[in-house]
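# Remarks on the overall topology
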Amino acid sequence: MKKNEKLTAEPIEDEKLLAKKEKLLKEIAAHSAVCQHDGCPRHEHCMLWLAGRYVNRNMRIIRSVNTQFSLVANGNCDLYCDDKPVRMKVGMKRLFYEMPDHTKRAIRNRLIALNCRTTYYKYYSGYRPISPTLLRQIEAICREEGWAAPLEFDRETVDYVTP
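To start, this report covers the structure provided alongside it. Along each chain, residues carry numbers from 1 onward, in the same order as the chain's sequence is written. The predicted nature of this model means local features are confined to residues of pLDDT at least 70 and side-chain atom pairs, given and counted, to a pLDDT of 80 or more, with totals for whole chains, interfaces and linings taken over all residues. As a rule here, side-chain values come from all non-hydrogen atoms in the structure, and water together with hydrogens is ignored.

## Some details on helix α5 (residues 117-125)
- Three exposure classes are used, based on accessible area relative to the maximum for each residue type with a 1.4 Å probe and protein chains only: buried under 20%, partly exposed in between, and exposed over 50%. Numbered from the N terminus, helices here are DSSP runs of H or I no shorter than four residues, and strands are runs of E no shorter than two. Every buried residue belonging to α5 is among T119, Y120 and Y123, and all of these are buried. Buried residues along α5 cover an arc of 100° about the axis, so they all sit on one side. For α5, the exposed residues set more than 90 degrees away from the buried face come down to R117 and T118.
- When checking whether two residues touch, look at their non-hydrogen atoms; a contact exists if any pair is within 4.5 Å. Taken together, the buried residues of α5 touch α4 (101-114) and α6 (132-144).
- The positive-phi residue at the C-terminal boundary of α5 is G126, with phi of around 95°. The arc in question is the one spanned by the directions pointing from the helix axis to the C-beta atoms.

Structure follows, in structure tokens:
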């Protein structure tokens, strides 16, 4: 990753992305906890709050964020997930091309320990985009293991970061 490279994209009003956002919100509503805290100052751009609008109204009990939790109540929720698409890296095959074997092995083992083997291989093979937070962790691990060269990934995409 280049030093001055922007991780976030400008607001994109692409029809495909909007359709993908709606599908993602429905998926979050069906399988994750949603937020019902209308008093949060950031609620209008939070994926968990927006997903709450897609909850099945025929369900008596749903999974929800505790709005009384101190971080949620004061607007500093650690579950906040922005609804703006961001530029993300995809695939890590090119990341390891020039690395010596001992460095490659150390980095791969730490990345597997960070996520798990299955999740690591989803990122490695490009099935799952690498969020900006994970990208910073990957960069930190590479630097700690002595790899100073710029990090190269297989490609880039613009997508939503999922909670």
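## A look at the pattern of salt bridges
- In the sections that follow, a salt bridge refers to a side-chain nitrogen of Lys or Arg positioned within 4 Å of a carboxyl oxygen of Asp or Glu. Scanning the entire structure with this criterion turns up 12 salt bridges.
- For the salt bridge of E22 with K26, the shortest nitrogen-to-oxygen distance reads 3.6 Å. Taken as a pair, E22 and K26 lie in helix α1 (residues 15-31) at a separation of 4 residues, close to a single helical turn.
- Judged by its relative accessible area of 36%, E22 is partly exposed.
- For R110, the salt bridge is made with E145, and the minimal N-O distance between the two is 3.0 Å.

## Regarding the packing of α4 against α5
- Lines fitted to C-alpha atoms define the axes here, with helix axes fitted over just the stretch in contact, and angles between the N-to-C directions of these axes take values from 0 to 180 degrees. Here α4 crosses α5 at 120°, and the two axes come no closer than 7 Å. Between α4 and α5, the angle falls in the class oblique. For the pair α4 and α5, the crossing hand works out as right-handed. Counting all contacts with α4, which are made through R108, L111 and I112, the residues of α5 involved are R117, Y120 and Y121.
- Residue classes follow a fixed rule: Ala, Val, Leu, Ile, Met, Phe, Trp, Tyr, Cys and Pro count as nonpolar, while Asp, Glu, Lys and Arg count as charged, and any other residue, Gly among them, counts as polar. Split by residue class, the contact of α4 with α5 holds 4 nonpolar, no polar and 2 charged. For this classification, under 35 degrees means roughly parallel, over 145 means roughly antiparallel, 65 to 115 means roughly perpendicular, and everything else is oblique. Note on convention: the crossing is left-handed when the near helix lies turned anticlockwise from the far helix by less than a right angle, right-handed when the turn is clockwise.

## Section: the packing of α4 against α6
- Contact geometry for α4 and α6: axes closest at 10 Å, N-to-C directions at 145°. Handedness of the crossing formed by α4 with α6: right-handed. Contacts between α4 and α6 pair I107, R110, L111 and L114 from the former with L134, Q137, I138, I141, C142 and E144 from the latter.
- Looking at the contact of α4 with α6 residue by residue, the class counts come to 7 nonpolar, 1 polar and 2 charged.

## A short note on the nonpolar core
- Put simply, buried Ala, Val, Leu, Ile, Met, Phe, Trp, Tyr and Cys residues joined by side-chain atoms within 4.5 Å make one nonpolar core. Grouped together as the largest cluster of nonpolar side chains are 19 residues, with contacts concentrated most on I28, M47, L48 and A51.
- When contributions to this core are tallied by element, the ones reaching two or more residues are α1 and α2 (47-51).
- Look past the residues within four positions of A51 in its chain and what remains in contact with it is L25, I28, A29 and V34.

## Observations concerning α4
- By definition here, a helix of n residues has an expected span of 1.5 Å times n minus one. Counted at 1.5 Å a residue, the expected span for α4 with its 14 residues is 20 Å, and the 20 Å between its end C-alpha atoms agrees.
- Looking only at α4, the buried set comprises T103, I107, L111 and I112. Viewed end-on, α4 has its buried residues packed into an arc of 160°, placing them on one side of the element. More than 90 degrees from the buried face of α4, the exposed residues found are D101, H102 and A113.
- Looking at the buried positions of α4, the neighbouring elements they touch are α5 and α6.

## A look at the side chain of K21
- Along the chain, the position of K21 falls in helix α1.
- Accessibility expressed as a relative area gives 15% for K21, which makes it buried.
- Apart from residues no more than four positions distant in its own chain, K21 is found in contact with M47, L50, D83 and Y160.

Nothing here speaks to function; it is geometry throughout.
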